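Per-entry structural report
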Amino acid sequence: MAYYLYFGYTHKTMPIIHLPEANRPQVLMQADRERGLLDLDPTQIIDLYKQHGALLLRGFGADIAQFSAFARRFCPTSVINNSLGRRPIDAAAKIQTVNCGTLAFSLHPELSREPWKPDAALFACFSPPSRGGATTICDGVALVRALPEALRSALVPRRLLYKMECWPELLEFWLGDPKPSDALLAAPPSTCPYFFRRSGEQVVRMFTRPVLHKPMFIDEPAFGNFLLFARFSKNLPNFPVLDDGSPVPEAWLQTIKAVGDSLTVPVVWEAGDVLMLDNTRFMHGRTTILDARERLIATFFGYVSFALPNPEEPAQPRWRQADFTPPLRPGLQR
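Residues numbered from 1 in each chain as written. Predicted model: local features only at pLDDT ≥ 70, side-chain atom pairs only at ≥ 80, totals over all residues. Heavy atoms only, no water.

1. Things to note about the state of the cysteines
Scanning all chains against the criterion turns up zero disulfides. With no disulfide partner, Cys192 has as its closest neighbouring cysteine sulfur the one in Cys166, 8.8 Å distant. (Disulfide = S-S within 2.5 Å.)

If you want it as structure tokens, here you go:
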């Protein structure tokens, strides 16, 4: 059913709003007589985003400039995803492609392998595939609701431990010293999101997050972390691990994956579509891409101006002060 929602906006035209329903967890916002994304009422977008966590904006003919301006209305700062397989579309605007491979991807929130997981993940379709290559989405809150009670209870008190290598430039970036002393490793600056340990000649960085976390705008637990992508797309058996250092039990993973798969829905792209996800609540993935040459999806990952405080983040995190580009491993190119 279509709803015309006004929210006190003064424009003479308003988009047609289809609220979520069975097998469509996202709000579908269709153009009526608007000229583009920038005709939309930002307050309306924010209200729908907070309540539902996923919006598909269709029929507004988004191009790169519109997509960038729309994203910046809500996200004053952004983060670049340094993973391989992406290329810049508009480097100045912090807009990249998605991973340019063709494999299907398991569910994940964007950049959940790092402590600066963005608040919002935005995608724009500039060239839709004729077959395959759908983006998939899953509400992490709905996933927790559907878990067996025994597993949900087992997950509630647990945290995930992410442990990664360091290199001199990274240590300089976070600690101000490429060769930090034991004292500095033991007491990093308050703005640093990691804790550190020596492992032989190496320094490793670590951070933890709850297995089930509270999203920014709903008072229920959600599942949204790197586990499914790590195990089922990357084949990483020990990243992340549980807070005591033990691997996440395979039975847990298989049940979570099965429940997530049952709740996952595809977004079949049309040219000019924009998908806006609450990255603290929704996960996304994709189906196999059959012809990478015809699919062009842009991304923007950012931190919303209306964010609520996150107790897991350090004081004054860098990514909320200015656009954030994490330090690259040596030898990698941006």
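Here the narrative resumes, following the displayed structure.
2. Points about the packing of aromatic side chains
The geometry of an aromatic ring pair is captured by two quantities: the separation of the ring centres and the angle between the planes. As enumerated under the stated definition, the model contains 21 aromatic pairs in all. Aromatic pair Trp116 and Trp319: ring centres 6.0 Å apart, planes at 50°, arrangement tilted. One end of the pair, Trp116, is in the loop between β7 (105-108) and β8 (120-127); the other, Trp319, is in the segment after β19 (296-303), and 203 residues separate them in sequence. Judged on exposure class, the residue Trp116 and its partner Trp319 are both buried. With centroids separated by 6.3 Å and ring planes inclined at 75°, the aromatic side chains of Phe123 and Phe301 adopt a geometry described as edge-to-face. Of this pair, Phe123 sits in strand β8 while Phe301 sits in strand β19, and the two are 178 residues apart along the sequence. Accessibility expressed as a relative area gives 3% for Phe123, which makes it buried. Look at Phe301 and you get buried, because its relative accessible area is 1%. (Phe/Tyr/Trp six-rings, centres within 6.5 Å; stacked < 30°, edge-to-face > 60°. Helix = DSSP H or I, 4+ residues; strand = E, 2+ residues; numbered from the N terminus. Buried < 20%, exposed > 50% of the residue type's maximum accessible area, 1.4 Å probe, protein only.)

3. Description of the pairing of strand β9 (residues 135-139)
Counted residue by residue, β9 has five buried out of five residues, so it is predominantly covered. Both faces of β9 are covered, namely the face carrying Thr135, Ile137 and Asp139 and the face carrying Thr136 and Cys138. Bridge count between β9 and strand β16 (residues 265-267): three bridges; the pairing is antiparallel. Each bridged residue has a counterpart across the sheet, and for Thr136 the counterpart in β16 is Pro266. In this sheet, strand β18 (residues 282-286) lies alongside β9 in antiparallel orientation, the contact comprising five bridges. Within β18, the position partnered with Asp139 by the bridge is Phe282. (Pairing = 2+ DSSP bridges.)

4. Some words on the layout of surface pockets
Within this model, the largest pocket holds a volume of roughly 930 Å³. Surrounding the largest pocket, 43 residues form its lining, Asn81, Ser83, Leu84, Arg113 and Lys234 being those nearest its centre. Secondary structure elements with two or more residues in the lining of the largest pocket: β7, β18 and β19. Considering each element in turn, the lining of the largest pocket owes the most residues, three residues, to β18. Along the lines of polarity and charge, the residues of the lining of the largest pocket split into 23 nonpolar, 11 polar and nine charged. By volume, the second largest pocket amounts to about 450 Å³. Considering the residues around the second largest pocket, the lining is formed by 24 residues, among which Lys117, His213, Lys214, Asn310 and Glu312 are closest to the centre. Looking at the lining of the second largest pocket element by element, the count peaks at three residues for strand β12 (residues 202-210). When grouped by side-chain class, the residues that make up the lining of the second largest pocket number 10 nonpolar, six polar and eight charged. (1 Å grid on protein atoms, 1.4 Å probe; cavity = no way out; pocket = protein on both sides within 12 Å on 5 of 7 lines; lining within 4 Å. Points joined across faces, edges and corners; volume = space filled by probe spheres on them. Nonpolar A, V, L, I, M, F, W, Y, C, P; charged D, E, K, R; others polar.)

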